Amino acid sequence: AQKITQTQPGMFVQEKEAVTLDCTYDTSDQSYGLFWYKQPSSGEMIFLIYQGSYDEQNATEGRYSLNFQKARKSANLVISASQLGDSAMYFCAMRELPLGAGSYQLTFGKGTKLSVIP
Amino acid sequence: GAGVSQSPRYKVAKRGQDVALRCDPISGHVSLFWYQQALGQGPEFLTYFQNEAQLDKSGLPSDRFFAERPEGSVSTLKIQRTQQEDSAVYLCASSLVASTNEKLFFGSGTQLSVL
């Protein structure tokens with residue numbers, strides 16, 4: 001089973017509008033972290049926002065907020081007041097506690113391509 | 001430099017050639033990761049180093065893939081006898097420590113094309 005599911009291959013949003021990008025995850029761990037990254041056409045992955053499994057409040061970073069619903073295992077990204085520069089691929093990722101001396105690797109979803117329309 | 005640096009930015013190889021991809025992590029970062037990203041897909045984990053120790057290589061697709069970080073800073077990913085299915089972007093990432101809440105800083109990647 002996929003650990004991270006992003007069901008929207010592509011999304012369009014009008015400039016200055018808000019948009020929600022969906023992410024669901026699968027884990028049996030109690031302690032884990034959820035991340036969102038942006039990947040513009042230049043290729044570099046840019047960190048946007050982080051939510052810990054024990055955090056009681058939804059994370060916010062400027063125009064980005066994370067709608068965390070633990071019982072539903074969802075961690076949707078909300079971008080407010082979209083800008084043309086927001087057009088990019090967006091990846092949801094999860095980090096679980098490793099077994100033993102493991103790697104703390106991030107596991108990524110397949111991504112959502114966001115296009116902002118002027 | 002201030003960020004993670006990868007070289008070369010682009011690499012074209014003939015099938016069967018060996019290639020070496022370099023990653024310069026952020027200075028002082030303990031953890032270093034290699035990821036493979038196929039076109040239109042999310043990054044897939046390859047291997048992880050904590051300082052010079054390779055603690056996890058479970059994602060390496062075959063024994064043709066080899067990675068090292070001998071002095072705990074610069075890392076090299078080597079692919080021997082390249083195949084067409086190795087064509088992808090190879091991303092390197094580093095983080096200061098190893099913990100669930102530590103974000104990864106990524107380089108711009110090396111785009112490998114095997115002809």
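Residues numbered from 1 in each chain as written. Chains lettered and ligands numbered in written order. Predicted model: local features only at pLDDT ≥ 70, side-chain atom pairs only at ≥ 80, totals over all residues. Heavy atoms only, no water.

Asks: I'd love a proper account of the overall build of chain B, names of residues and values included.
Replies: A count of helices and strands for chain B gives 0 helices and 11 strands. Along chain B, helices and strands appear, N-terminal first, in the series β-β-β-β-β-β-β-β-β-β-β. Over its C-alpha atoms chain B spans a radius of gyration of 13 Å, differing by no more than 12% from the 13 Å that the globule rule assigns to 115 residues. If you line up chain B on its principal axes, its C-alpha atoms span 40 × 25 × 25 Å. Here chain B, with 115 residues, has 46% of them falling under the buried criterion. Looking at chain B alone, contacts between residues at least 24 apart form 53% of all its contacts between residues at least 6 apart. On chain B, roughly 5500 Å² of surface is accessible, and the fraction owed to carbon and sulfur atoms is 46%. Between the centroid of the 11 positive side chains of chain B and the centroid of its 11 negative side chains there is a distance of 7 Å. (Helix = DSSP H or I, 4+ residues; strand = E, 2+ residues; numbered from the N terminus. Rg over C-alpha atoms; globule rule 2.2 N^0.38 Å. Buried < 20%, exposed > 50% of the residue type's maximum accessible area, 1.4 Å probe, protein only. Contact = heavy atoms within 4.5 Å. Areas by Shrake-Rupley, 256 points an atom, 1.4 Å probe, with all protein chains shown as cover. Lys, Arg positive; Asp, Glu negative; His and termini not counted. Charge placed at Lys NZ, Arg CZ, Asp CG, Glu CD.)

Asks: Requested: an account of the overall build of chain A, with residues and values cited.
Replies: Across its full length, chain A carries 0 helices and 12 strands. Listing the helices and strands of chain A from first to last along the sequence gives β-β-β-β-β-β-β-β-β-β-β-β. Dimensions of chain A, computed from the C-alpha atoms along their principal axes, are close to 50 × 30 × 25 Å. Expressed as a percentage of contacts within chain A between residues at least 6 apart in sequence, the contacts between residues at least 24 apart total 55%.

Asks: Describe the layout of surface pockets, with residues and values.
Replies: If a probe as big as a water molecule is rolled over the atoms, it shows which places are left empty. Taken as a whole, the largest pocket spans an internal volume of roughly 550 Å³. Taken together, 24 residues line the largest pocket, and the ones lying closest to its centre are A:Gln39, B:Gln37, B:Leu39, B:Gly40 and B:Val89. For the lining of the largest pocket, the secondary structure elements donating two or more residues are strand E10 (88-96) and strand E12 (112-117) of chain A together with strand E9 (88-95) of chain B. Grouping the amino acids of the lining of the largest pocket by side-chain chemistry returns 10 nonpolar, 12 polar and 2 charged. (1 Å grid on protein atoms, 1.4 Å probe; cavity = no way out; pocket = protein on both sides within 12 Å on 5 of 7 lines; lining within 4 Å. Points joined across faces, edges and corners; volume = space filled by probe spheres on them. Nonpolar A, V, L, I, M, F, W, Y, C, P; charged D, E, K, R; others polar.)

Asks: Could you give an account of the interface of chain A and chain B, naming the residues involved and the relevant values?
Replies: Opposite the 24 residues of chain A that make contact, chain B presents 24 residues. For the pair chain A and chain B, the summed buried area comes to about 1900 Å², and 54% of that belongs to carbon and sulfur atoms. The tally of links between chain A and chain B comes to 0 salt bridges. The tally of links from chain A across to chain B stands at 6 residue pairs in polar contact (both at pLDDT 80 or more). Counting only elements with at least two residues in the side of chain A that touches chain B, the list comes to strand E5 (32-39), strand E6 (46-52) and E10 of chain A. Here the side of chain A that touches chain B is built from residues that sort into 11 nonpolar, 9 polar and 4 charged. (Buried area = accessible area lost by both parts, 1.4 Å probe. Salt bridge = Lys/Arg side-chain N within 4 Å of Asp/Glu carboxyl O. Polar contact = N/O pair within 3.5 Å; in protein donor to acceptor, adjacent residues only side chain to side chain.)

Asks: Any chance you could break down the sheet that holds strand E8 (residues 75-79) of chain B for me, citing the residues and the numbers?
Replies: Residues and elements named next belong to chain B. Judged by pairing direction, the sheet is antiparallel, and its 4 strands sit side by side in the order E1-E3-E8-E7 without closing on themselves. In this open sheet, the two strands that pair with only one neighbour each are strand E1 (5-7) and strand E7 (65-68). Averaged over all pairs of adjacent strands, the angle between their axes in this sheet comes to 15°, without regard to strand direction. Bridge count for E1 against strand E3 (residues 19-24) is 3 bridges, and the pairing is antiparallel. (Pairing = 2+ DSSP bridges. Axes fitted to C-alpha atoms, helices over the stretch in contact; angles between N-to-C directions.)

Asks: Any chance you could break down the nonpolar core for me, citing the residues and the numbers?
Replies: Judged by nonpolar contacts, the single largest core of 24 residues is most densely connected at A:Tyr25, A:Trp36, A:Ile49, A:Leu77 and A:Tyr90. If you list the elements that add at least two residues to this core, you get strand E3 (19-21), E5, E6, strand E8 (64-69), strand E9 (74-79), E10 and E12 of chain A. No other element matches the 4 residues that E10(A) contributes to this core. Those residues within four positions of A:Tyr25 in sequence are excluded, and the remaining contacts are A:Lys3, A:Ile4, A:Tyr32, A:Leu34, A:Phe68, A:Lys70, A:Lys73, A:Ser74, A:Ala75 and A:Met94. The next biggest cluster of nonpolar side chains, apart from the first, holds 20 residues, and it includes B:Ala13, B:Val19, B:Ala67 and B:Ala88. (Core = buried A, V, L, I, M, F, W, Y, C linked by side-chain atoms within 4.5 Å.)

Asks: Account for the packing of aromatic side chains, with residues named and values stated.
Replies: Residue and element names in this part refer to chain A. A full pass over the atoms with the stated rule returns 14 aromatic pairs over all chains. Arranged with centres 4.9 Å apart and planes meeting at 55°, the rings of Phe-35 and Tyr-50 form a pair that is tilted. Residue Phe-35 is found in strand E5, and its partner Tyr-50 is found in strand E6; the two are separated by 15 residues along the sequence. On the accessibility criterion, Phe-35 (0% relative accessible area) is buried. (Phe/Tyr/Trp six-rings, centres within 6.5 Å; stacked < 30°, edge-to-face > 60°.)

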